[in-house]
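# Chains, contacts and geometry: an overview
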Amino acid sequence: MLRIAVQKSGRLFEDSARFLHEAGIDFGNSPNRLRAQASNFPLEIIFLRDDDIPEYVEEGVVHLGIVGENVLLEKQKTVKTVDRLGFGKCRLSIALPKNMPYNGIESLQGLRIATTYSRILRNFLDINNIKAEIHEISGAVEIAPSLGLAEGIFDIVSTGSTLLANGLREVQTVIESEALLIANPSLTTEQEEIVNRLMFRINAHRNAQKHRYILLNAPKNRLDEIIAAIPGMKSPTILPLAIEGWCSVHSVIPEDVFWEVLERLKAAGAEGILVAPLERMIL
Ligand code: PRT
Ligand code: ZN
C-alpha cells in the first residue's frame, strides 16, 4: 500500500485528481475529506497544503506527492523526482514598479525585494553577486512595493495580469516551474513496484493521447504505396474485404502527423478512412 499526498484545494487539486483518474485510479470526488482510499489500486490519497507535501514525502509519512517545483525548490527537502507532470506551469520572477529602470541583474543591487520564496531568491542573488535585502512575507507580495515595504518583488507569475494590475513589470525570470510527482528516496522494493505500476498506467494513457487508430479500405494493386504512407507501429494489419480487389488496413499513427498521413493515403487511393481515439496504448 502506498500513500500519495496531493494539494487539498487550490490550483493543483483538479489536475492532480485528473492525473490519478487517468491512471485508472478511483477514489471518489469529495474534496472535503482529508484522506481517501482508492477502490481499485493499493493507494491512499492524503489531502494536504502544498507547502507541507515535500516534508511529508521526505519523512516518509507519505511515499509520493504532487507538488509545484517552486515549492519543492524552496523547501529544499531530499526527495526523488519521479516525473514532470506538465500542469501547474508558472515561473518565479522578479518584478519592479513599471517605471523603474532595469538594465540587467546589476540593477537589483541594493534593492529591497519582498517574497515568500526567500531561499530560491537568496540563491539566485548569491550566484549573481547581488547584494539585495530580502523581505520574507507570507502573502500578498504584489502589494509590497505600493506599501513602501520593498522596491521589487519575487513571486509566481503565470499570465502576468496580477503584476500589471499592481503597476509592476516582470524584469527577470529566475525559474520555470511545473507540477512534479515526487517520491521518498528510500522506498522498499514492493513500494517501488507500485510506483512502477502507477507510471505504467500513466504512460499507457499518455501514449494513447499521442496516437490515433486508423482504418481504411485499400485497392490491392496500390497496397504497397498505402502501406508506405503509414508511419505505424510494427506493420499494419491487412484484412480481406468481401469485394474482390480490396482490403482493409488497420494501424496506429502518431497524432501530430495524422493529417499529412491522411492526405498521402487519400492520394494513394485509400477510401472510407476512419480515425478513432485510443483509450490506452502500451508500447
Ligand atoms: O493552500 P495551499 O498552501 O495548498 O495553496 P497555495 O495558495 O500556496 O497555492 P496555490 O493553490 O495558489 O498554487 C499552487 C501551485 O500552483 C503553486 O505552488 C504553483 O506551483 C502553481 N501555479 C501555477 C500558481 C500559478 N500558476 C499562479 N498563477 N500558483 C500561484 N499563482 C498566482 C500568482 O502568484 C498570482 O498571484 O496566481 C496569481 C495570478 O497569476 P497571473 O500571473 O496569471 O496574474
Ligand atoms: Zn501553499
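Read on for a plain summary of the structure. What you see is a predicted model; the values in this text were computed from it and never measured.

Attention shifts here to the environment of Arg119. Mapping Arg119 onto the fold places it in helix H4 (residues 118-127). Separated by 134 residues in sequence, Arg119 and Ile253 have C-alpha atoms that sit 46 Å apart. Those residues in contact with Arg119, other than ones at most four positions away along the chain, are Glu74, Lys75 and Gln76.

Donor atoms from the polypeptide that bind the zinc ion (ligand 2) are Asp50 (OD) and Asp51 (OD), placed at 2.0 to 2.1 Å. Classification of the site at the zinc ion (ligand 2) rests on its 4 donor atoms, whose angles at the metal span 76 to 172°, yielding the label irregular. Relative accessible area serves as the criterion here: at 30%, Asp51 is assigned to the partly exposed category.

Taken together, 22 residues are adjacent to ligand 1, and Arg11, Arg49, Asn70, Thr159 and Thr162 come closest. Here an oxygen atom of ligand 1 sits 2.9 Å away from a polar atom, N or O, in the side chain of Asp50. In the model, an oxygen atom of ligand 1 is placed 2.5 Å from a nitrogen or oxygen of the Thr159 side chain. For ligand 1, whose unbound accessible area comes to 840 Å², protein coverage reaches 78%. Taken together, the residues of the shell around ligand 1 break down into 5 nonpolar, 11 polar and 6 charged. Counting contributing residues per domain, the shell around ligand 1 is built from domain 1 (2-85 + 179-207) and domain 2 (90-177), each supplying no fewer than three.

A word on the pairing of strand S13 (residues 237-240). Direction of pairing for S13 relative to strand S14 (residues 246-254): antiparallel, over a ladder of 4 bridges. Each bridged residue has a counterpart across the sheet, and for Thr237 the counterpart in S14 is His250. Here S13 folds back onto S14, and the loop between the two strands holds 5 residues, one of which, Gly245, carries a positive phi near 85°.

With that settled, the discussion passes to helix H9 (residues 258-267). Turning to H9, its buried residues number three or more, namely Phe258, Val261, Leu262 and Leu265. Take H9 and look down its axis: the buried residues cluster within an arc of 100°, on one side only. Exposed side chains of H9 directed beyond 90 degrees from the buried face belong to Trp259, Glu263 and Ala267. Gly269, located one to two residues past H9, shows a positive phi value of around 100°.

Reading the values: the criteria
Residues numbered from 1 in each chain as written. Chains lettered and ligands numbered in written order. Predicted model: local features only at pLDDT ≥ 70, side-chain atom pairs only at ≥ 80, totals over all residues. Heavy atoms only, no water. Helix = DSSP H or I, 4+ residues; strand = E, 2+ residues; numbered from the N terminus. Contact = heavy atoms within 4.5 Å. Donors = N, O, S within 2.8 Å, 3.2 Å for Na, K, Ca; no water. Tetrahedral: all angles 85-135°; square planar, octahedral: opposite > 155°, others 65-115°. Buried < 20%, exposed > 50% of the residue type's maximum accessible area, 1.4 Å probe, protein only. Near = heavy atom within 4 Å. Polar contact = N/O pair within 3.5 Å; in protein donor to acceptor, adjacent residues only side chain to side chain. Areas by Shrake-Rupley, 256 points an atom, 1.4 Å probe, with all protein chains shown as cover. Nonpolar A, V, L, I, M, F, W, Y, C, P; charged D, E, K, R; others polar. Domains from an automatic or database assignment. Pairing = 2+ DSSP bridges. Arc of directions from axis to C-beta.

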